Amino acid sequence: MKLALFADIHSNLEAITACLAHAQALGADRYAFLGDLVGYGADPVAVLDLIERHAANGAVVVLGNHDAAAIGRPADPMNANAEAAIAWTRAQLGPRQRAFLETLPLTIKDDNMLFVHASAAAPGQWTYVTDPAEAEQSIGAGNANYIFCGHVHEQKLYYMGAGGRPMPFRPVPGTPIPTGRHRQWLAIVGSAGQPRDGNNAACYAFFDRERERLTFFRVPYDHRTAAQKIRAAGLPERLALRLEHGA
């Protein structure tokens, strides 16, 4: 199995289309969308319809905090720009898109893999995994060899070291990482739709399960068009600038 993992797409059709094409060229035969499908960007309907088609063909899809907010469920407090984008997104969604979001679970367990948007320790509290202590809590609660998540927007990998504590690792894009199942791993796959590390290329990860290799990628995409759509929709200028600058 060759599994492509996408998170924090945030209604960015150009980014997810580029990432999917990249993964398909690598031979991906399964897909996982790790929440925050909407919010911030200008194409919530097109993005949800695209992901729903993948879900109908067996893709994993879990709920993120922006998705929850878009259908009126409790979510994290958001800043003014995020709130404005969510209010706009709610007005764009039709019954089909809302119904799709309503069906999404917080977590999906598949054999020795767990898929979740934020921390597996409390999925509905939208806890960010930003340090080894939070990684340890998520790994302990997830009870899986591989936990795949998003929410943080930057790519990072934790693995359980010999001392029984998570060790952080900053992946190099395009470099395969041996991820043997004799350890437990927590991979934050990065944001496809709104990178925040100063690089405007979209993020995703690719897991070759048979070879036990995980590779993180950065994919250039037409961020100018995505930013212009945000401006045309009347969404906050900061959201367009963020796509252009990756921060």
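To start, this report covers the structure provided alongside it. (Residues numbered from 1 in each chain as written. Predicted model: local features only at pLDDT ≥ 70, side-chain atom pairs only at ≥ 80, totals over all residues. Heavy atoms only, no water.)

So, helix α8 (residues 237-245)
Because an α-helix completes one turn every 3.6 residues, residues spaced three or four positions apart along the sequence face the same direction.
Move 1: Inspection of α8 places Leu239, Ala240, Arg242 and Leu243 among the buried residues, and these make up the whole buried set. Burial along α8 is one-sided: seen end-on, the buried residues are contained in an arc of 155°.
Move 2: Along its buried surface, α8 packs onto α4 (80-92) and α7 (223-232).
Move 3: Gly246, located one to two residues past α8, shows a positive phi value of around 70°. (Buried < 20%, exposed > 50% of the residue type's maximum accessible area, 1.4 Å probe, protein only. Helix = DSSP H or I, 4+ residues; strand = E, 2+ residues; numbered from the N terminus. Arc of directions from axis to C-beta. Contact = heavy atoms within 4.5 Å.)

Here's the deal with the packing of helix α2 (residues 44-56) against helix α5 (residues 95-103)
Move 1: Where α2 contacts α5, the two axes come as close as 10 Å, and the packing angle between them is 55°. One element, α2, and the other, α5, form an angle in the oblique class. As α2 runs across α5, the sense of the crossing is left-handed. Touching Val45, Leu48, Asp49, Ile51, Glu52 and Ala55 of α2 are Arg96, Gln97, Phe100 and Leu101, all from α5. (Axes fitted to C-alpha atoms, helices over the stretch in contact; angles between N-to-C directions. Parallel < 35°, antiparallel > 145°, perpendicular 65-115°, else oblique. Left-handed = near helix turned anticlockwise from the far one by under 90°.)

Some words on the side chain of Ser191
Move 1: Among the secondary structure elements, Ser191 is positioned in the loop between β10 (185-189) and β11 (202-208).
Move 2: For Ser191, a relative accessible area of 0% gives the class buried.
Move 3: Within the local environment of Ser191, its side chain forms a polar contact with the backbone nitrogen of Gln194, the two atoms lying 2.8 Å apart.
Move 4: Apart from residues lying up to four places away in sequence, Ser191 is in contact with Ala7, Asp8, His10, His153, Ala202 and Cys203. (Polar contact = N/O pair within 3.5 Å; in protein donor to acceptor, adjacent residues only side chain to side chain.)

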